[in-house]
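Close look at the chain arrangement
Chain by chain, the residues:
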Amino acid sequence: EAAVTQSPRNKVAVTGGKVTLSCNQTNNHNNMYWYRQDTGHGLRLIHYSYGAGSTEKGDIPDGYKASRPSQENFSLILELATPSQTSVYFCASGEDWGNGAEQFFGPGTRLTVL
Amino acid sequence: GDSVTQTEGLVTLTEGLPVMLNCTYQTIYSNPFLFWYVQHLNESPRLLLKSFTDNKRTEHQGFHATLHKSSSSFHLQKSSAQLSDSALYYCASSGNKLIFGIGTLLSVKP
């Protein structure tokens, strides 16, 4: 029973289209995160949340929005997808990284924007 | 701003040889946590080990690392590489946020 799940696992979108990536966690963690993974850049933080109703900008938020409607769910929204957003996206949950808390990653979503 | 530097994008080793993956960090915080995450092929990253204490060796699953604040380093080591160690390794530092390095791909050959 995976604690962090993501859907879809694979997505092909067209340029200019809207894409929503969903994440669900059963860890009851307050914090959730969205990263993208690209060769040569590692894991980069897009948005994160401290709890239901909160979203915060990470290091590369441009072109992305986030929504945290509940403790369990955290979505990443690409309103107008571009080819530069082709990547692998990881959702994670955890407690305060400042206190050394581990982050638990989902299986990832491979997004291709044509 | 905060940063994490990992050297050498690809490290190729022969099974049985020692592993050392370098990590240095920059942060204004005097007491950051340092982490190593490992990601095997077609899997997601998972925590390998972490440390907060200066000059204390931390071990897990045959790997070890020691945080040296004097040199801002947290190198990952293992005495004898195994084929199953082939993976992408990320060093990360927590200050006001968690910063990941770009990753080092370890390839262990027979």
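Our subject is the structure listed above.
Time to look at the state of the cysteines. One pass over the full model with this rule turns up two disulfides over all chains. C23 of chain A shares a disulfide with C91 of chain A; S-S distance 1.9 Å. Here the disulfide of C23 of chain A and C91 of chain A is left-handed, its torsion about the S-S bond being about -80 degrees. Taken together, the residues C23 of chain A in strand β3 (residues 19–25) and C91 of chain A in strand β9 (residues 87–94) connect sequence positions 68 residues apart. Using a relative accessible area of 2% as the deciding quantity, one classes C23 of chain A as buried. Given the relative accessible area of 0%, C91 of chain A is considered buried. Covalent S-S linkage joins C23 of chain B and C91 of chain B, the inter-sulfur distance amounting to 1.9 Å. Measuring the twist about the S-S bond at about -65 degrees, one finds the C23 of chain B-C91 of chain B disulfide to be left-handed. Here the residue C23 of chain B occupies a position in strand β4 (residues 23–26), and C91 of chain B occupies one in strand β10 (residues 87–94), the gap between them amounting to 68 residues. Neither residue differs from the other here; C23 of chain B and C91 of chain B are each classed as buried.

When the parts of a complex come together, some accessible area is lost, and that lost area is often used as the size of the interface. Taken residue by residue, the interface counts 18 residues in chain A and 20 residues in chain B. A buried area of about 1,500 Å², summed over both sides, lies between chain A and chain B, and 56% of it is on carbon and sulfur atoms. Taken together, chain A and chain B are joined by zero salt bridges. Of all the secondary-structure elements, those providing two or more residues to the side of chain A that touches chain B are β4 (31–38), β5 (42–49) and β10 (103–105) of chain A. The class makeup of the residues in the side of chain A that touches chain B is seven nonpolar, nine polar and two charged.

Criteria and thresholds
- Along each chain, numbering runs from 1 in the same order as the chain's sequence is written.
- Whichever chain is written first becomes A and whichever ligand is written first becomes 1, with later ones labelled in order.
- In view of the model being predicted, local features appear only for residues whose pLDDT reaches at least 70, and side-chain atom pairs are presented and counted only at 80 or more, with totals across whole chains, interfaces and linings using the full set of residues.
- By convention in this description, side-chain values take in all heavy atoms of the structure and omit both hydrogens and water.
- Disulfides are defined in this document as cysteine sulfur pairs within 2.5 Å.
- Numbering of helices and strands starts at the N terminus; helices are DSSP runs of H or I of at least 4 residues and strands are runs of E of at least 2.
- Throughout, exposure labels follow a simple rule: accessible area from a 1.4 Å probe, protein chains only, divided by the maximum for the residue type, with under 20% read as buried, over 50% as exposed, and the rest as partly exposed.
- Whether two residues touch is decided by their heavy atoms; if any such pair falls within 4.5 Å, the residues are in contact.
- By convention, the term buried area covers the 1.4 Å-probe accessible surface removed from two parts as they join, with the contributions of both added.
- We count a salt bridge whenever a side-chain nitrogen from Lys or Arg sits within 4 Å of a carboxyl oxygen from Asp or Glu.
- All amino acids are sorted into three groups, where Ala, Val, Leu, Ile, Met, Phe, Trp, Tyr, Cys and Pro are nonpolar, Asp, Glu, Lys and Arg are charged, and the leftover types, Gly among them, are polar.

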